[in-house]
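Descriptive analysis of the structure
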Amino acid sequence: MVYAYIQDVPIGDELYHRIIEELGAEPLAGSLLHLCVRRDDGGLRYIDVWESEAHCARAFEDRIHPAVDAAFAGARPGEPTVEHLEVVHATGALLAATNP
C-alpha cells in the first residue's frame, strides 16, 4: 500500500525553488506524487505519495535532507511536522504506471 503525508513548511517560493534545484532533475526513487501548494498564510504545503514508507525514508536520507541542507547553507531550522495520512484506497494513472 502507498505511503502518504502532508507537511506544512514555513518557506516561500525562492527557497523552495533552491531546494528543487539542489535535488536535481533525476526523479526520486519511489515517489509517485509531490504537490507543493500555497497556504493562505503564505507558507507552503507539501502533499506527497510514495510507493512505500521505506522509499520515502531512503529518499530523505540520500537526497532530500542533503538538498535542503544545501539550500539553507547548512543552517536548516529543523524538520517541520509531518501529518501521516491513513490511505484507505489509492488509484490513478501514476499507480497504474508502477504496477503494469
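Refer to the structure above for everything that follows.
It should be emphasised that the depicted structure is a prediction, and the values quoted were computed from it without experimental measurement. (Residues numbered from 1 in each chain as written. Predicted model: local features only at pLDDT ≥ 70, side-chain atom pairs only at ≥ 80, totals over all residues. Heavy atoms only, no water.)

1. Description of helix α2 (residues 53-71)
The largest bend along α2 measures about 50 degrees and falls at Phe60. Those residues of α2 lying buried are Cys56, Ala59, Phe60, Ile64, Ala67, Val68 and Ala71. At its buried positions, α2 is contacted by β1 (3-9), α1 (13-23) and β3 (44-50). (Bend = angle between axes of the 7 residues up to and from the residue. Helix = DSSP H or I, 4+ residues; strand = E, 2+ residues; numbered from the N terminus. Buried < 20%, exposed > 50% of the residue type's maximum accessible area, 1.4 Å probe, protein only. Contact = heavy atoms within 4.5 Å.)

2. Let's talk about the nonpolar core
Counting residues in hydrophobic clusters, the biggest one holds 19 residues, and the most contacted among them are Tyr5, Ile11, Ile19, Leu28, Trp50, Cys56 and Ile64. Where this core is concerned, the elements lending two or more residues are β1, α1, β3 and α2. Among the elements that make up this core, the one with the highest residue count is α2 (7 residues). (Core = buried A, V, L, I, M, F, W, Y, C linked by side-chain atoms within 4.5 Å.)

3. Some thoughts on a nonpolar patch on the surface
A grouping of Leu33, Leu35, Val37 and Leu94 is seen on the molecular surface, where their side chains present a nonpolar patch of about 290 Å² in accessible area. Take the nonpolar patch: its biggest share by element is 3 residues, from strand β2 (residues 31-38). Of note, Val37 is situated in strand β2. For Val37, a relative accessible area of 34% corresponds to the partly exposed category. (Patch = residues over 30% accessible without salt bridge, like charges linked within 9 Å, V, L, I, M, F, W, Y side chains within 5 Å. Areas by Shrake-Rupley, 256 points an atom, 1.4 Å probe, with all protein chains shown as cover. Salt bridge = Lys/Arg side-chain N within 4 Å of Asp/Glu carboxyl O.)

4. Some remarks on α1
Since the α-helix advances by 3.6 residues per turn, residues separated by three or four positions end up pointing in the same direction. Leu15, Tyr16, Ile19 and Leu23 are the residues of α1 that are buried. Seen end-on, α1 carries its buried residues on one side only, within an arc spanning 105 degrees. With respect to the buried face of α1, the exposed residues turned more than 90 degrees away are Glu14 and Glu21. Gly24 lies just past α1 and shows a positive phi near 85 degrees. (Arc of directions from axis to C-beta.)

5. Structural notes on the side chain of Gln7
As for its position among the elements, Gln7 is in strand β1. Assessed through its relative accessible area of 3%, Gln7 is described here as buried. A polar contact is formed between the side chain of Gln7 and the side chain of Glu79, at a distance of 3.4 Å. For Gln7, the contacting residues outside a window of four places in its chain are Leu44, Arg45, Tyr46, Glu79, Pro80, Thr81 and Val82. (Polar contact = N/O pair within 3.5 Å; in protein donor to acceptor, adjacent residues only side chain to side chain.)

6. Regarding the packing of α1 against α2
As a packed pair, α1 and α2 sit with axes 8 Å apart at the nearest point and diverge in direction by 130 degrees. Classified by the angle between their axes, α1 and α2 sit oblique to one another. In this structure, α1 meets α2 at a crossing whose hand is right-handed. Residue-level inspection shows Leu15, Arg18, Ile19, Glu22 and Leu23 of α1 in contact with α2, the latter providing Arg63, Ile64, Ala67, Val68, Ala70 and Ala71. (Axes fitted to C-alpha atoms, helices over the stretch in contact; angles between N-to-C directions. Parallel < 35°, antiparallel > 145°, perpendicular 65-115°, else oblique. Left-handed = near helix turned anticlockwise from the far one by under 90°.)

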